[in-house]
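Residues per chain, in single letters:
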Amino acid sequence: MTSIQGGGEDDAGDTATLADRARLVVLSAPISQREFADRVGMDPTALSKALRGNRRLRDHEVAAIAQVGRVSQRYLRTGEGKAPVARGGAGGGQAVRRRADAVDADLRRAQILEATARLIARRGFHKVRVSDIARACGTSTGTVHYHFPTKDDALRAALVFYAERFHTRLEEEFKTADSTVEKLRRLIEVQLPTTEEDADEWSVWVQSWNEAVLDPTLREGQRSVYARWRQIVVDLLRTCRREGMAEGADAEAMASRFTSMVDGLAIQVLAGTGDMDAARMRELLLDAFEPYIRLR
């Protein structure tokens, strides 16, 4: 596996990086990497990226990793101070090696998943070969097949990858929203394809629809992702009704109209249909709940 590169946190006398030391802390902990991520308040994928040096750790994340891993922040940043000790008695060293193998596998899978999702988004599902994914990750086709035995498996994984990215961003937006109406505004904003990564997300979403039309085996995964997103809209609209807005309105019907508008408008933006762009899409969606809920 390629060595982890840090984010410029090296001490003059220490060739290890912040990412290397954080990875050692995670390996030494008597819990899984996913549970460690939960305890420090990080998305598991974000932690995986940080451990392999593809994402810079924020100050509060460094503090949380130090606390959960029982080391000092000074150690994490400079390598000075007490290093983590594997817990589990005399077999601690072997346990760390086993954990290292497991984490390496998790990191490799995350790397392959990210590359797969991006390639499908930008080249198209039917144009991406396993060899393309392997080349992008610097690994073998056998390793790619180990994680994703078929191309359909890769498409399913890419859809879930971008769905999780969307929900992570939405949760962050909701944390700072001071009202239900503001959450609806933030919901609209997160849907807009304004960046290259947003376009990637939408591209995989639309392609998963196309494939599900032709292949019934792909429909359950697509349906599950869609239901999760739609339920967020329904829950927000029901909250609006409890707060005295949208009285007499059918939340389910409103949610169906809104989600259909979001999907249709985004496809027009991606395809360059007419004069539709992200700004125009935003304006139309802000009016979507009129006259029941005013978002302007």
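So, here's what we can say about the structure. As the structure is a computational prediction, the values presented were derived from the model and not from experiment.

### Quick word on the nonpolar core
Within the largest apolar cluster, 63 residues are counted, with the highest numbers of intra-cluster contacts made by L187, F258, M281 and I293. Counting residues per element, the ones that place at least two in this core are α6 (92-123), α7 (130-137), α9 (151-175), α10 (180-191), α11 (196-214), α12 (219-242), α13 (251-271) and α14 (278-286). Considering every element that reaches this core, the biggest residue donor is α9, with 11 residues. The residues contacting I293, other than those within four sequence positions of it, are V181, L184, L237, C240, M245, A246 and M254. Residues L18, I31, L57 and V71 belong to the second largest nonpolar core, which totals 23 residues.

### Considerations on the packing of helix α2 (residues 33-40) against helix α4 (residues 59-69)
Where α2 contacts α4, the axes come no closer than 9 Å and their chain directions differ by 120°. One finds that α2 runs oblique with respect to α4. Of the two possible hands of crossing, α2 and α4 adopt the one that is right-handed. Across from F36, R39 and V40 in α2, the residues of α4 making contact are A64, I65, V68 and G69. Of the residues that constitute the contact of α2 with α4, the class distribution is five nonpolar, one polar and one charged.

### Points about the pattern of salt bridges
Enumeration according to the criterion identifies 29 salt bridges in this entry. Residue D200 is joined to R122 by a salt bridge in which the shortest nitrogen-to-oxygen separation is 2.8 Å. Highlighted residues: D200 in helix α11 and R122 in helix α6, separated in sequence by 78 residues. A salt bridge links D198 to R165; the shortest N-O distance between them is 3.7 Å. Placement of D198 in helix α11 and of R165 in helix α9 is noted, with a sequence separation of 33 residues between them. R165 shares its class with D198; the two are buried.

What counts and how
Residues numbered from 1 in each chain as written. Predicted model: local features only at pLDDT ≥ 70, side-chain atom pairs only at ≥ 80, totals over all residues. Heavy atoms only, no water. Core = buried A, V, L, I, M, F, W, Y, C linked by side-chain atoms within 4.5 Å. Buried < 20%, exposed > 50% of the residue type's maximum accessible area, 1.4 Å probe, protein only. Helix = DSSP H or I, 4+ residues; strand = E, 2+ residues; numbered from the N terminus. Contact = heavy atoms within 4.5 Å. Axes fitted to C-alpha atoms, helices over the stretch in contact; angles between N-to-C directions. Parallel < 35°, antiparallel > 145°, perpendicular 65-115°, else oblique. Left-handed = near helix turned anticlockwise from the far one by under 90°. Nonpolar A, V, L, I, M, F, W, Y, C, P; charged D, E, K, R; others polar. Salt bridge = Lys/Arg side-chain N within 4 Å of Asp/Glu carboxyl O.

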